[in-house]
Amino acid sequence: MGFGALNSSLSKKGYVTSEFAQIWDEVAVLKAIVDVEVALAKVQGDNGMIPKNAAQLISEHAKISDALVEKARAGKVGNPLIAALDAIRSQVPNKVRGWVHFGATSQDILDTGRALQIKQSYNWLFHQLDELKQKMATLAEEHADTLMVARTNGQHALPTTLGTRFARWLAEIERSKQRLRDGYERATLIQFSGAAGTYASMGKEGMSVAQSIAAELGLSFEPVPWHASRDAITELCCTLAIYGQSLAKIAEDLFDMQRTDLAEAREQMDAHASGSSTMPQKLNPFTTMKISVGARLAAGLAATVLTQPPASFERDHRSLEVERDALPQIFIAVEHAAAKLLRLLDQLAFNETQLVNNTLLESPLLMTEGIMMVLAKHIGQEAAHDLLQDFAKEYRVNRTPLKEFMLASKYANEVEDVDFEALEDPRGYLGLSSEISRDAAKRFQNQLGE
């Protein structure tokens, strides 16, 4: 029986992709444990710590299978490693059972197995991030000149372009990829230093065994034990949560752009899946909502990892239990949010007429910064700022035209030669919006060529 949004069979389809379910479900956990145990036996067989034929038999018989999974599920111990070991040992010949897990400790296997899952997840996320960046770059180029209004603090601010918004999102996604890349080796670190981090159970060969296992599994190696040092896992959780927040930022903007009163964007939706049970006309932007909720779940779980008490002395199983619950769900929630966004970007249509209409909604108030910069050359910036504040009040009440107001002011003589009609055109005050959009797209294409 499943519990919660990410685990219940009734709700998890809205938050879990099949790809990440296969990386993080219990079968995947057991497979990772089997892979680590087999790698351990192989390395120990190669260096003479256990009989060569024992290592070979363990490798031949210790394989993930429905039978092994069922035996592990039937285990009576709550420790997944013990249940997995019992299942593995039941599948190898009796004469080599004693060589399974030789000299290892539970956390070494669990942490190393999880590193394999993290590595798989990383590879998928990097592929996904590149897809997101490609779509953002394409849209930044496509809409480099698409006029729209920029909003700050919920209010109309200045004219901009839709491409600039995509360029900003593209840059944020790239920063998330860089953060993930920076932490890759720390997050895929082998753990194989024994019960108290001294390598004692494997003698003088302990460190070389760990290095060889890391090479066999394609993981990173650090000689200093990290059983009670959970900073790399905490960093990973927080980095994933930050990535999730970037996805949520995009989703929230697209959610608001689909509001009835803005009507700047619309996603193609299945009315049955996104409609209302009582209001037939409704097409709710559930895709953006799922992205935001996934990011919130990830952030909450990351906060739990970040704020749990540090592990005690050389090892503390309490922290491991929290990570075991939180980390897979953070990965799953963020990856699904990214998958949702990828599909959403293919289904979005932007209403360019409405984007322009919204830009002109408060015209010429939207242009007061640009007008102020021109007037400042004639009457000084402070006077221009105060004058335009008075104009804004007048315009909102009486819709007095800009030119009429200015020529009726005490500065009429100083500004009579100003072309006020030209200053009211939002396309004349886009700054570097179009260049920002095209440059962002060009930088992405240059990265592909490197």
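Residues numbered from 1 in each chain as written. Predicted model: local features only at pLDDT ≥ 70, side-chain atom pairs only at ≥ 80, totals over all residues. Heavy atoms only, no water.

(A) Just the nonpolar core, in detail. Core analysis: the largest hydrophobic core is formed by 63 residues, its most contacted members being Leu247 and Leu341. Contributions of two or more residues to this core are made by α1 (18-24), α6 (106-142), α7 (162-182), α10 (231-257), α12 (286-307), α13 (317-347), β4 (348-350) and α20 (433-449). Those residues in contact with Leu247 that sit more than four places away from it in its chain are Leu132, Ile173, Ile291, Val334, Ala337, Ala338 and Leu341. Met49, Ala54, Leu57 and Val96 belong to the second-largest nonpolar core, a separate cluster that totals 42 residues. (Core = buried A, V, L, I, M, F, W, Y, C linked by side-chain atoms within 4.5 Å. Buried < 20%, exposed > 50% of the residue type's maximum accessible area, 1.4 Å probe, protein only. Helix = DSSP H or I, 4+ residues; strand = E, 2+ residues; numbered from the N terminus. Contact = heavy atoms within 4.5 Å.)

(B) Representation of α13 in the model. In a regular helix each residue adds 1.5 Å, so 31 residues correspond to 45 Å; α13 covers 46 Å between its end C-alpha atoms and thus fits that length. At Glu323, α13 shows its largest kink, close to 30°. (Expected span 1.5 Å × (residues − 1). Bend = angle between axes of the 7 residues up to and from the residue.)

(C) Local environment of the packing of aromatic side chains. If you walk through the whole model with that rule in mind, you get nine aromatic pairs. Taken together, a centroid distance of 5.0 Å and an interplanar angle of 85° make the contact between Phe166 and Trp169 edge-to-face. Residue Phe166 and its partner Trp169 are located together in helix α7, separated by three residues, close to a single helical turn. Neither Phe166 nor Trp169 differs from the other in exposure class; each is buried. An aromatic cluster is present here, built from Phe20, Trp24 and Phe331 joined pairwise through their rings. (Phe/Tyr/Trp six-rings, centres within 6.5 Å; stacked < 30°, edge-to-face > 60°.)

(D) Representation of the pattern of salt bridges. Following the criterion strictly, the structure yields 22 salt bridges and no others. Between Glu216 and Lys42 there is a salt bridge whose closest N-O contact spans 3.6 Å. Taken together, the residues Glu216 in helix α9 (residues 206-217) and Lys42 in helix α2 (residues 26-46) connect sequence positions 174 residues apart. The shortest N-O distance in the salt bridge between Arg186 and Glu235 comes to 2.8 Å. (Salt bridge = Lys/Arg side-chain N within 4 Å of Asp/Glu carboxyl O.)

(E) Representation of the packing of α6 against α7. Where α6 meets α7, the closest approach of the two axes is 8 Å, and the angle between their N-to-C directions is 160°. When the axis of α6 is compared with that of α7, the two are roughly antiparallel. As for the relative orientation of α6 and α7, their crossing is left-handed in sense. Together, Tyr122, Phe126, Leu129, Asp130, Leu132, Lys133, Met136, Ala137, Leu139 and Ala140 of α6 and Gly163, Phe166, Ala167, Trp169, Leu170, Ile173, Glu174, Lys177, Leu180 and Arg181 of α7 make up the contact between the two elements. For the contact of α6 with α7, a count of residues per class yields 14 nonpolar, one polar and five charged. (Axes fitted to C-alpha atoms, helices over the stretch in contact; angles between N-to-C directions. Parallel < 35°, antiparallel > 145°, perpendicular 65-115°, else oblique. Left-handed = near helix turned anticlockwise from the far one by under 90°. Nonpolar A, V, L, I, M, F, W, Y, C, P; charged D, E, K, R; others polar.)

(F) Quick peek at the pairing of strand β2 (residues 155-161). With six bridges joining them, strand β1 (residues 147-152) and β2 adopt antiparallel strand pairing. From the neighbouring strand, Arg151 faces β2, where its bridge partner is His156. Hairpin connection, β1 to β2: the antiparallel pair is bridged by two residues, and Asn153 has positive phi, about 55°. (Pairing = 2+ DSSP bridges.)

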